[in-house]
Amino acid sequence: MNTTDIIKEHDKLSERISLIAFDADDTLWDCQGHFDDVEADYCRLLAPYGSQDEIAAKLFQTENSNMPLLGYGSKAFTISLVENAIKLTKGNISGDELLKIIDLGKTLLNMPGTPLEGVEETLKELHKKGTYKMVVFTKGDNLDQENKFKRSGLAKYFDDCIVVADKTPHEYMHLCRLFDTNIGRLCMVGNSFKSDILPVLKLGGYAIHIPYELEWQMEQTEEKTEHPKYRRIDAFKQLLTLL
């Protein structure tokens, strides 16, 4: 959708929405970049046991197998780092090396949550309008996500921050019930086509996709839809043109 199309849809879209839900990681602040940095350091640490591509591939397999039990987030990722290192080295990794890996994982618990370009200015304008209820709706570890939210300095623009284990249809419907609205008046804004866009469109809500330059393998999917309630923009500040 080009700029002209966005302008044409402005009034229609803004009149139909009562609740805007924003994804957090890689929508409001950078997250994947920090994970990529930790993974690069991890691969260098384990270089005697394989190439970077080999180590990264095995780590992804470990993460994938742990997902049903551990879910998403920095803590789950750290457990996978340790488990994968033990498997990769056939138990020969030293205690000191394991501590280094754990310390790498802990750095993710302190990522700054610095708002991406245009985020705070846009949220400030939307909040000032008072037209919508605004909520952060994200998945992962509750404490980890809440701490990032606090560090971001964006809490003053939102009515709530809700953290779920996964963004399932049930959770989206529950979100609407919490704010006394129906799914047809929800607009989800996020970078993940798989988690933020498709589920909401299937349920009958609106979705605005803001792709981020980095994407976790687990979230990769085909980004193609002609759905009438779907919008794709290139910069966060373009939300003001739509909303």
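The number of helices and strands found in the protein is 10 helices and 6 strands. Taking 18 Å as the expected radius of gyration for a compact globule of 243 residues, we find that the protein reaches 19 Å, a close match to that expectation. Viewed in the frame of its principal axes, the protein has a C-alpha envelope of about 60 × 35 × 30 Å. Out of the 243 residues belonging to the protein, those deemed buried represent 47%. Partitioning the intrachain contacts of the protein with sequence separation of at least 6 by distance along the chain shows that 70% fall at a separation of at least 24. When the accessible area of the protein is evaluated, it comes to approximately 12100 Å², of which 50% is carbon and sulfur surface. Charge-centre separation for the protein: the mean point of 29 positive side chains lies 5 Å from the mean point of 39 negative side chains.

Looking now at the packing of helix H2 (residues 32-45) against helix H4 (residues 74-88). Between H2 and H4, the shortest axis-to-axis distance is 12 Å and the interhelical angle comes to 15°. Here H2 lies roughly parallel to H4, going by the angle between them. Pair H2 / H4 crosses with right-handed handedness. For the pair formed by H2 and H4, the contact residues are Phe-35, Val-38 and Tyr-42 on the first element and Ser-74, Phe-77, Leu-81, Asn-84 and Ala-85 on the second.

Hydrogen bonds between backbone atoms are what pair the strands of a sheet, whose relative direction is either parallel or antiparallel. Sheet architecture is open: 6 strands sit in the order S3-S2-S1-S4-S5-S6, paired in parallel fashion. Strands at the two margins of the open sheet, each flanked by one partner only, are strand S3 (160-164) and strand S6 (230-232). Between one strand axis and the next, the sheet turns by 20° as a mean value, whatever way the strands run. Summarising the sheet, strand S1 (residues 19-22) and strand S2 (residues 133-139) pair through 4 bridges and their orientation is parallel. Note on S2: the bridge partner recorded for Phe-22 is Val-136. Its contacts with the sheet put helix H7 (residues 142-152) on S2 and S3, and the angle it makes with S3 is roughly 150°. Against the sheet, helix H9 (residues 193-203) contacts S2, strand S4 (186-190), strand S5 (206-209) and S6, and its axis sits at roughly 155° relative to S5.

Bringing the confidence of the model for the protein into the picture now. For the protein, mean pLDDT is 90; residues scoring 70 or higher make up 91% of the total. The weakest mean pLDDT in the protein belongs to helix H1 (residues 3-16) at 54; the strongest belongs to S1 at 98. Every residue in residues 1-11 is under pLDDT 50, and counting partners more than four places away or in other chains gives 13 contacts.

Residues Phe-22, Leu-28, Leu-123, Phe-158, Ile-208, Leu-239 and Leu-243 are the most contacted members of the largest nonpolar core, which totals 29 residues. Of all the secondary-structure elements, those providing two or more residues to this core are S1, helix H6 (119-129), S2, S3, S4, S5 and helix H10 (239-242). Tallying contributions element by element places H6 first for this core, with 3 residues. Core analysis: the second largest hydrophobic core is formed by 18 residues, Leu-46, Ala-85, Ile-93 and Leu-104 among them.

Criteria and thresholds
- Residues numbered from 1 in each chain as written.
- Predicted model: local features only at pLDDT ≥ 70, side-chain atom pairs only at ≥ 80, totals over all residues.
- Heavy atoms only, no water.
- Helix = DSSP H or I, 4+ residues; strand = E, 2+ residues; numbered from the N terminus.
- Rg over C-alpha atoms; globule rule 2.2 N^0.38 Å.
- Buried < 20%, exposed > 50% of the residue type's maximum accessible area, 1.4 Å probe, protein only.
- Contact = heavy atoms within 4.5 Å.
- Areas by Shrake-Rupley, 256 points an atom, 1.4 Å probe, with all protein chains shown as cover.
- Lys, Arg positive; Asp, Glu negative; His and termini not counted.
- Charge placed at Lys NZ, Arg CZ, Asp CG, Glu CD.
- Axes fitted to C-alpha atoms, helices over the stretch in contact; angles between N-to-C directions.
- Parallel < 35°, antiparallel > 145°, perpendicular 65-115°, else oblique.
- Left-handed = near helix turned anticlockwise from the far one by under 90°.
- Pairing = 2+ DSSP bridges.
- pLDDT = per-residue confidence, 0-100.
- Core = buried A, V, L, I, M, F, W, Y, C linked by side-chain atoms within 4.5 Å.

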